[in-house]
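Breakdown of the fold
What follows is the residue order along each chain.
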Amino acid sequence: MTSADVTRSAIRVDSVEPLWSQAVAAVRMRVADGSLRPGMRLPPERELCLSLAISRVTLRKALLRLVDEGVLKPSHGRGWYVAGDEAKEWPNSLESFSETARRMGLVASSVVLRSEVAMATLDEAERLAIAPGTPVFHLVRVRKLDGVPIAVDRSLVPSHLAPRLDRADFTTASLYETLTRAGLDLVDAGSTIEATEADDDVAAQLGVAERRPILVMHQIVRDRAERPVLSSTIQYAGDRYRLRTFFARAGASSGPMSGFGVD
């Protein structure tokens, strides 16, 4: 998205409408017609000032008005973003990212950062209940919904359970569905969730400010024999994720507490 895309519409110096108000209207129009989508970052202020032929003071007045209206959100040190929809609420069932997206009428996609087989470290082997040095498929992706980054997902699968995973195109393919086609029965998952701060890399991948709070889910998915088949660590943008769960008193019927899985 360029500044021309944001501001194409007449910013007229001969208009009785103040320049800052015209800038507000231009951005609102781009949000309304879908040119600017939730989560997208506006061009740098200097570029916007040049495109609009207005001063930074005038531009700031327009941007702050859009923040007050809930159209934009500032991100310290990173710029101005189109305000996103309310954080998505995920089910308390073991459901893949792609399945959740389809159910909500959204499009899931990924940017694949790593897709390769490597030898399991001591920690990885312990999580997957395998011997250190066992070949493990490593998959690292930035997960998106309708093009908006939601999470950075790091997944591990023992290679002998599903050979040739490194040949799959996981920009669109579902890991859950791929594992199911390989004959694995994904039954349940143990999950822990904690809050932490985004480091430089995660902040850049999610388009959030450095040190901003994020949610981290550590998850082990097991098959019907209670064998670990998938280990994942998923780092969510905190304002784009909400976990829904259910609690019951001891002795009463209750369901498992878990979030949606990776896919």
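Provided above is the structure to which this section pertains.
Let us look at the structure shown here.

Section: the overall build of the protein chain
- Counting secondary structure elements, the protein chain contains 8 helices and 10 strands.
- The burial tally for the protein chain puts 44% of its 263 residues in the buried class.
- In the protein chain, of all internal contacts separated by at least 6 residues, the share reaching a separation of at least 24 is 62%.
- Carbon and sulfur atoms provide 51% of the accessible area of the protein chain, an area that totals close to 13500 Å².

As for the pairing of strand β1 (residues 72–75)
- Relative to strand β2 (residues 79–82), β1 runs antiparallel, the two being bridged by 4 bridges. Following the sheet pairing, L72 is matched in β2 by V82.
- Counting the residues that bridge the hairpin from β1 to β2 gives 3 residues, and of these G77 lies at a positive phi of roughly 80°.

Some remarks on helix α3 (residues 45–52)
- Where α3 is concerned, the buried positions are E45, L48, C49 and L52. Angularly, the buried residues of α3 cover 100° about the axis, an arc narrow enough to put them on a single face. Pointing more than 90 degrees away from the buried face of α3 are the exposed residues R46 and L50.
- Phi turns positive, to about 60°, at A53, one or two residues after α3.

Quick look at a negative patch on the surface
- Where like charges cluster on the molecular surface, the negative patch consists of D199, D200, D201 and E210.
- Within the fold, D200 resides in helix α8 (residues 200–206).
- Using a relative accessible area of 46% as the deciding quantity, one classes D200 as partly exposed.

So, helix α4 (residues 56–68)
- Its 13 residues give α4 an end-to-end C-alpha distance of 18 Å, which sits within 8% of 18 Å, the value for a rise of 1.5 Å per residue.
- Along α4, the residues classified as buried are T58, L59, A62, L63 and L66. For α4, the angular spread of buried residues about the axis comes to 135°, placing them on one side. Opposite its buried face, α4 presents the exposed residues V57 and D68, each directed more than 90 degrees away.
- In this structure, the buried side of α4 is in contact with α2 (19–32), α3, β1 and β2.
- One or two positions beyond α4, positive phi appears at G70, with a value near 85°.

The rules behind each value
- Residues numbered from 1 in each chain as written.
- Predicted model: local features only at pLDDT ≥ 70, side-chain atom pairs only at ≥ 80, totals over all residues.
- Heavy atoms only, no water.
- Helix = DSSP H or I, 4+ residues; strand = E, 2+ residues; numbered from the N terminus.
- Buried < 20%, exposed > 50% of the residue type's maximum accessible area, 1.4 Å probe, protein only.
- Contact = heavy atoms within 4.5 Å.
- Areas by Shrake-Rupley, 256 points an atom, 1.4 Å probe, with all protein chains shown as cover.
- Pairing = 2+ DSSP bridges.
- Arc of directions from axis to C-beta.
- Patch = residues over 30% accessible without salt bridge, like charges linked within 9 Å, V, L, I, M, F, W, Y side chains within 5 Å.
- Salt bridge = Lys/Arg side-chain N within 4 Å of Asp/Glu carboxyl O.
- Lys, Arg positive; Asp, Glu negative; His and termini not counted.
- Charge placed at Lys NZ, Arg CZ, Asp CG, Glu CD.
- Expected span 1.5 Å × (residues − 1).

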